[in-house]
Amino acid sequence: MTTLSASPREFTLRDFDFELPPALIAQHPAAERSGSRLLDGSSSTVVDRIFRDLPELLHAGDLLVFNDTKVVKARIFGEKASGGKLELLIERVLPGHQVVAHMKVSKKPLVGGKMFMMGGARNGGFDAVLLGRWPDENGQLFHLQLSDEPHALMEKHGHVPLPPYIAHTDTAEDAQRYQTVFARAPGAVAAPTAALHFDEALLAALQARGVQSASVTLHVGAGTFQPVKTENIADHTMHREWFEVPEATQQAIAACKARGGKVVAVGTTTVRTLESWAKFKQASGDTQIFITPGFEFQVVDRLITNFHLPKSTLMMLVSAFAGYEHIMALYRHAIANQYRFFSYGDAMLLTRTPG
């Protein structure tokens, strides 16, 4: 007798949509990092917790993997030679004082055109010259030559690149709280937000529990906020981000697996980094990995993550990880119970659904 197995479900963009009351979009961080709420969705029984409860949910020998990227003050204002206002969001720093950036302007300058940022070099700011598109002539990003070292210029003249759904201009609080306590490698234009909930006291409690830690780097790009627009999700072109999995972290993961511990990714950026490394056998470089239901995870066992935008690639990632129906049920629970959403919002804990 031949047994016919059910064919896997075909997902479309509308499957990842949901109605979110605007009042649930967090505009400011919780008073304490570890005082945010944690929706424990690691089993079929959903439990409402506080984030500082996390050590009770992990075990000695587990390995937390963090993204140690550091958010840079990448949003900078200026004007063209004609006087037209513009805004740059510097996505990547290249050698020779060159950068790759998003540009918001009514009419794009021509190649070779000079832009005067924060008044220009003659008035205490700096100049930028358009070299072309990036990564090729049809790219959505712009390749620019700056008049000085980019990181120094961003630190002096830039603004914290808050997400588009946060309504206020950046403040001193944002400079501190839209950054993890262990941020090390400058290069992100968006925070690895699940890691924002960790403070020194919580890290100490996890260490006392016997939970080990390791780091990867993925410089989060603005593309993380771009909604998927193709109803057939396979037609979506994923944005490109730079990552690195250090040798010490590779060894820590192997040791964790050998002792039977769980690899716990802090944030979807860590998942994308680790699974890119495992899938493509490359420890550093650019990744455009697009994780959708049906993806075969090789490294990550559990995931700590914030709540994500409707129709986003990250909704698809968490659905692939923990199961579509489970995720949608968790989101319904979170909305009904007034959880706070997105970058400054609350978090949830997930376990990988057996593939």
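Residues numbered from 1 in each chain as written. Predicted model: local features only at pLDDT ≥ 70, side-chain atom pairs only at ≥ 80, totals over all residues. Heavy atoms only, no water.

(A) Looking closely at the packing of helix 7 (residues 313–322) against helix 8 (residues 324–336). The contact between helix 7 and helix 8 brings their axes to 7 Å, and the two run at 120°. As the angle between them shows, helix 7 and helix 8 are arranged oblique. Between helix 7 and helix 8, the residues in contact are Met 315, Val 318, Ser 319 and Ala 322 and Tyr 324, His 326, Ile 327, Met 328 and Tyr 331, respectively. Tallied by class, the residues present in the contact of helix 7 with helix 8 amount to seven nonpolar, two polar and no charged. (Axes fitted to C-alpha atoms, helices over the stretch in contact; angles between N-to-C directions. Helix = DSSP H or I, 4+ residues; strand = E, 2+ residues; numbered from the N terminus. Parallel < 35°, antiparallel > 145°, perpendicular 65-115°, else oblique. Contact = heavy atoms within 4.5 Å. Nonpolar A, V, L, I, M, F, W, Y, C, P; charged D, E, K, R; others polar.)

(B) View of the sheet that holds strand 10 (residues 141–146). Within the closed barrel, the six strands sit side by side as 5-6-7-10-9-8. Their pairing is antiparallel. Mean inter-strand twist for the sheet, computed between neighbouring axes without regard to direction, equals 45°. Here strand 8 (residues 114–117) runs beside strand 9 (residues 126–134); their pairing, made up of four bridges, is antiparallel. Note that in strand 9 the partner of Met 115 across the bridge is Ala 128. (Pairing = 2+ DSSP bridges.)

(C) Seen up close, the sheet that holds strand 2 (residues 47–50). Read across the open sheet, the nine strands follow the order 2-1-17-16-14-3-12-13-15; overall the sheet is mixed. Edge positions in the sheet fall to strand 2 and strand 15 (284–287), since each has one partner strand and no second. Between one strand and the next, the sheet's axes are offset by a mean angle of 25°, whatever the strand orientation. Where strand 14 (residues 263–266) and strand 16 (residues 302–306) come together, three bridges link them in parallel fashion.

(D) Examining the side chain of Glu 91 more closely. As for its position among the elements, Glu 91 is in strand 6 (residues 85–94). Buried within the structure, Glu 91 lacks any salt-bridge partner; Arg 92 is the closest side chain of opposite charge, at an N-O distance of 6.4 Å. In terms of polar contacts, Glu 91 uses its side chain to reach the side chain of His 102, at 2.8 Å. If sequence neighbours within four positions are ignored, Glu 91 has contacts with Val 100, Ala 101, His 102, Leu 141, Gly 187, Val 189, Gly 221, Ala 222, Gly 223 and Arg 240. (Buried < 20%, exposed > 50% of the residue type's maximum accessible area, 1.4 Å probe, protein only. Lys, Arg positive; Asp, Glu negative; His and termini not counted. Salt bridge = Lys/Arg side-chain N within 4 Å of Asp/Glu carboxyl O. Polar contact = N/O pair within 3.5 Å; in protein donor to acceptor, adjacent residues only side chain to side chain.)

(E) Highlighting the pairing of strand 12 (residues 212–218). Bridging between strand 3 (residues 63–67) and strand 12 involves five bridges; their strand directions are parallel. Paired with Leu 64 across the bridge in strand 12 is Ser 213. Strand direction decides the pairing type here: strand 12 and strand 13 (residues 241–244), joined by two bridges, are antiparallel. Opposite Leu 218, over in strand 13, you have Phe 243 as the bridge partner.

(F) Examining the packing of helix 6 (residues 268–280) against helix 7 more closely. As a packed pair, helix 6 and helix 7 sit with axes 11 Å apart at the nearest point and diverge in direction by 70°. With respect to helix 7, the element helix 6 is oriented roughly perpendicular. When you trace helix 6 past helix 7, the crossing you get is left-handed. Facing helix 6, whose interface residues are Thr 268, Val 271 and Arg 272, helix 7 presents Leu 314, Leu 317 and Val 318. Classifying every residue of the contact of helix 6 with helix 7 gives four nonpolar, one polar and one charged. (Left-handed = near helix turned anticlockwise from the far one by under 90°.)

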